[in-house]
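Results of the structural survey
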Amino acid sequence: MQKVFGRPKGLTEIPFHYCPGCTHGIIHRLIGEVLEELNIIEDTIGVAPVGCAGFSLDFFSCDFVGAAHGRAQAVATGIKRALPDRIVFTYQGDGDIAAIGTSHAIHVAARGEKITSIMVNNAIYGMTGGQMAPTTLTGQVTTTSPYGRDNAVAGFPIDLPKTIATFDGAVYVASVSVDSPKHILQAKKAIKKAFQVQQAGLGFTLVSILSTCPTNWGMSPVDSLKWLREKMIPVYQMGEIKVSEEVKGL
Amino acid sequence: MSKVLLKGNETIAEAAMRAGCKLFFGYPITPSTEIVEYLAKHLPKGGGTVLQAECEVAAINMCFGAAAAGARVMTASSSPGISLKQEGISYLAANELPVVIVNINRTGPGLGGLGPAQSDYFQSTKGGGHGDYRLIVLAPSKAQELYDLTMEAFDLADKYRNPVLLLADGFLGQMMEPVQLKERKEENLPPKDWKTDGCKGRAKRKIASYFLVNELAEEGCRRWQAKYDQIKEAEQRWESFYADDAEYLLVGYGTCGRIAKSVVLNARKQGIKLGLIRPITLWPFPVKAFTSHFDGIKGIVTVELNAGQMIEDVKLAVNCRVPVHLYSRQGGMLPHEREILKYVGQVFNLPVRGEA
């Protein structure tokens, strides 16, 4: 029988153990496909964060390094500066990249560090049990904003890709979602573009991906996708937020 | 080979380059700044990279990445900056990554001053970051040693897959002394068959310190401790100065060790059998120096630029069998030779002449 569908070579055989309905699995698969399609598995070093995404180091078939909380982009900088001809990417949750790691996120963009960062934004801290993130929506209930995020107390949600896009060294910044087949295809395209831009050595690339956390949102997987679509997408600027001239010419 | 006149910090930088250090990540802080400045000027000429990071935390984590990729890498800072690096240092130790870290000790706590101090002894030798780890800590006392020990730090880091800390102070970092620039000896070092540099022709590798299974975590801890035991056995270093027939011992490292030598010579002129043990490795602490010199020792004075930190290790080394006293200056002040000798006379009831 002809095999028409299987795991991409960019992923190991280890089964994902994310919660049911969590979209980490979809995003992992998209990156795994891109690594295979661009034939860069053997040239790539990934950097994992803490939190749920910290498990990613087992799931990709390329070399992987586990960084301290928020430090993935600094670690990736060190790897890339040591090995400029390799592909280096970080895979980070919104808490990792937009709270504890904010300074590194800003400075890799400012330096035009030739790495790719994948930011998985589910508007909550997942592994620690559903606390408020910098990306938590106004009014959203979490264990540390039990009455809903109050902007007067906790400030406003951070739209990190918009900020990152303002730095000259960031040459490709996209914000995508994995709530529907159409959006998943768009997400794959953005991820692939980001890796191609890195291959061309043009500068820093960031792809933010809106994701779900059914467990900590307290919703079914289907309701989670609906909530993402109806509540998150209107808050965050979507699409290719920045495509610099050199990237257009790629 | 001829000698050159270099500042202490420049000596460290020059030694690092000659030891094959290809990457330096740092953040300026007095009195260590000449290290990043010197390297920024000279390292890129040989194809190396110097990157001024956004902060100390970034710098140590950049070192983490470069070491994981298999490169020889260094960072340098001074006390408050080293505090910021502690998170990264704990991760380096846990992941067994060879990185050379230089601390030109300021005074402390807090922002502190720029004068010579040894107030980071505990932080350097007992942890500083979280977890049960150890760094190899080297304490030079003059320019030639700054050079030799910096070079050796890279080999020790690679040999044991462990971060190595070079601990000096503002006096040593800022002084100028002639130094002989020796070439690197080729060491027979283990291959870096653990580095994550792309999985071409081999299975994927991962470098991580995350254990969700307690049994595996304990296995990791035991492996680290076995390595530390091996280092303790093999790498204790010290200088013994008139210690063989000594009745009284001074113990001091770095700048204090240097000053203490003159004290010993002055005491000997007065017929006092004073000797010196100058620890060169602060971790592992040179316990063997005390076991080999113990017979006939009536008392010890540690000379430290802090409130008394190394004295605890000296007391452990002699196991309460002789009295151990502390002569300390703090806040960037250096002791004068005659102050130390006067104190030795006082605590051991010895006749010390005049101003000595």
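The text that follows walks through the structure, step by step, so that each part is easy to find. Sequence order as written defines residue numbering, which begins from 1 separately in each chain. Here the convention is simple: chains get letters from A, ligands get numbers from 1, in the order in which they are written. Per-residue local features are limited, in this predicted model, to residues with pLDDT of at least 70; the limit for side-chain atom pairs, both in listing and counting, is 80 or more; totals at the level of whole chains, interfaces and linings are taken over all residues. Water and hydrogen atoms play no part in the side-chain values, which are based on all heavy atoms of the structure.

1. A short note on the overall build of chain B
Just so we agree on the cut-off: Put simply, DSSP H or I for four residues or longer makes a helix, DSSP E for two residues or longer makes a strand, and each gets a number counted from the N terminus. Throughout, the radius of gyration refers to the C-alpha atoms, and the reference size of a globule is 2.2 Å times the residue count to the power 0.38. Three exposure classes are used, based on accessible area relative to the maximum for each residue type with a 1.4 Å probe and protein chains only: buried under 20%, partly exposed in between, and exposed over 50%. Between two residues, a contact is recorded if the distance between any of their heavy atoms is within 4.5 Å. To be clear on the numbers: accessible area is Shrake-Rupley with a 1.4 Å probe, and residue cover counts the displayed protein chains and nothing else.
Counting secondary structure elements, chain B contains 12 helices and 15 strands. Relative to the compact-globule value of 21 Å for 356 residues, chain B shows a C-alpha radius of gyration of 21 Å, a close match. C-alpha atoms of chain B, sized along the principal axes, occupy 70 × 50 × 40 Å. Within chain B, buried positions represent 59% of all 356 residues. In chain B, once contacts between residues fewer than 6 apart in sequence are set aside, the share between residues at least 24 apart is 78%. Here chain B displays about 14,200 Å² of accessible surface, and carbon together with sulfur accounts for 51% of that area.

2. Let's talk about the sheet that holds strand S4 (residues 116-121) of chain A
Using the following cut-off: Paired strands are those between which DSSP finds at least two bridges. The axes are straight lines fitted to the C-alpha atoms, using for helices just the contacting stretch, and the angles between their N-to-C directions are given from 0 to 180°.
Strands sit in the order S7(A)-S5(A)-S6(A)-S4(A)-S3(A)-S1(A)-S2(A)-S9(B) across an open sheet of eight strands; the sheet is mixed. Every interior strand has two partners, whereas the edge strands, strand S7 (239-243) of chain A together with strand S9 (206-207) of chain B, have only one. In terms of strand pairing, S4(A) meets strand S6 (residues 204-210) of chain A through six bridges, oriented parallel. When the sheet's bridge partners are listed, Ile118(A) is paired in S6(A) with Val207(A). In the packing of helix H1 (residues 24-37) of chain A onto the sheet, contacts are made with strand S1 (44-48), strand S3 (87-93), S4 and S6 of chain A, and the angle to S3(A) comes to roughly 175°.

3. Some points on the sheet that holds strand S2 (residues 23-26) of chain B
Residues and elements named next belong to chain B. With mixed pairing, the seven strands of this open sheet are ordered in space as S3-S2-S4-S5-S7-S6-S13. The outermost strands of the open sheet, each flanked by one partner alone, are strand S3 (49-52) and strand S13 (281-283). Geometrically, the sheet is characterised by an average inter-axis angle of 20° between neighbouring strands, direction not taken into account. As paired strands, strand S6 (residues 136-138) and S13 are joined by two bridges and run antiparallel to one another. Considered in S13, the bridge of Val137 is made with Trp283.

4. Some thoughts on the pairing of strand S15 (residues 324-328) of chain B
Of the pairings in the sheet, the one linking strand S14 (residues 299-304) of chain B to S15(B) comprises five bridges and is parallel in character. In the sheet register, Ile300(B) faces S15(B), and the bridge partner there is Val324(B).

5. Structural notes on a nonpolar patch on the surface
Condition: In this scheme, patches are assembled from residues that exceed 30% relative accessible area and form no salt bridge. Like charges are connected within 9 Å, while nonpolar side chains (Val, Leu, Ile, Met, Phe, Trp, Tyr) are connected within 5 Å. By salt bridge we mean one thing: a side-chain nitrogen of Lys or Arg within 4 Å of a carboxyl oxygen of Asp or Glu.
On the surface, Met127(A), Tyr210(B), Phe211(B), Leu212(B), Val213(B) and Leu216(B) cluster together to form a nonpolar patch covering roughly 550 Å² of accessible area. Assignment of secondary structure puts Val213(B) in the loop between S9 and helix H8 (214-234). Taking relative accessible area as the criterion, Val213(B) reaches 41% and is therefore assigned partly exposed.

6. A look at the packing of aromatic side chains
The criterion, for reference: The rule is short: rings of Phe, Tyr and Trp, with Trp giving its six-membered ring, pair when the centres are within 6.5 Å, and they are stacked under 30 degrees, edge-to-face over 60, tilted in between.
Here the structure, examined in full by the defined rule, presents 17 aromatic pairs over all chains. Geometrically, the ring pair formed by Phe55(A) and Tyr210(B) is tilted, given 6.1 Å between the ring centres and 45° between the ring planes. Pair noted here: Phe55(A) is in the loop between S1 and helix H2 (56-59) and Tyr210(B) is in the loop between S9 and H8, and the two residues belong to different chains. Plain terms: the ring middles of Phe64(A) and Phe89(A) are 5.6 Å apart, the flat faces sit at 85° to each other, and that makes the pair edge-to-face. Here Phe89(A) lies in strand S3 and Phe64(A) lies in strand S2 (residues 63-66), a separation of 25 residues in the sequence. Residue classification places Phe64(A) among the buried residues on the basis of a relative accessible area of 0%. These aromatic residues form a ring-pair network of at least three members: Phe60(A), Phe64(A), Phe89(A), Tyr91(A) and Phe195(A).

7. Considerations on the pattern of salt bridges
All names here are of chain B. Tallied over the full model, the rule gives 43 salt bridges over all chains. Residues Arg18 and Glu183 are paired through a salt bridge, measuring 2.8 Å at the closest nitrogen-oxygen approach. Note that Arg18 is positioned in helix H1 (residues 8-18) and Glu183 in the loop between strand S8 (176-180) and S9, a separation of 165 residues in sequence. For Arg18, a relative accessible area of 26% translates into the label partly exposed.

8. What to know about helix H4 (residues 79-94) of chain B
Residues and elements named next belong to chain B. Keep this limit in mind: Expected helix span is computed as 1.5 Å times (number of residues minus one). At every residue, the bend is computed as the angle between two fitted axes, covering the seven residues ending there and the seven beginning there respectively.
For H4, spanning 16 residues, the distance from its first C-alpha to its last is 22 Å, which sits close to the expected 22 Å at 1.5 Å a residue. The axis of H4 is deflected most strongly, by about 50°, at Lys85. Burial of H4 is extensive: 13 of the 16 residues sit out of reach of the surface. Note on H4: the residue one or two positions beyond its end, Glu96, has a positive phi of about 55°.

9. Re the interface of chain B and chain A
Formally: Two parts placed together each lose some accessible area under a 1.4 Å probe, and adding up what both lose gives the buried area. Think of a polar contact as two N or O atoms within 3.5 Å of one another; within protein, one of them needs to be a possible hydrogen donor and the other a possible acceptor, and neighboring residues in sequence only count if both atoms come from side chains.
Listed by partner, the interface residues are 34 residues for chain B and 35 residues for chain A. Between chain B and chain A the total buried area reaches about 2,600 Å² when both faces are included, carbon and sulfur atoms providing 59% of it. For the pair chain B and chain A, the interface holds five salt bridges. Of the charged contacts in the structure, one is a salt bridge between Arg202(B) and Asp63(A), with a shortest N-O distance of 2.6 Å. At the surface where chain B touches chain A, the tally comes to 18 residue pairs in polar contact (both at pLDDT 80 or more).

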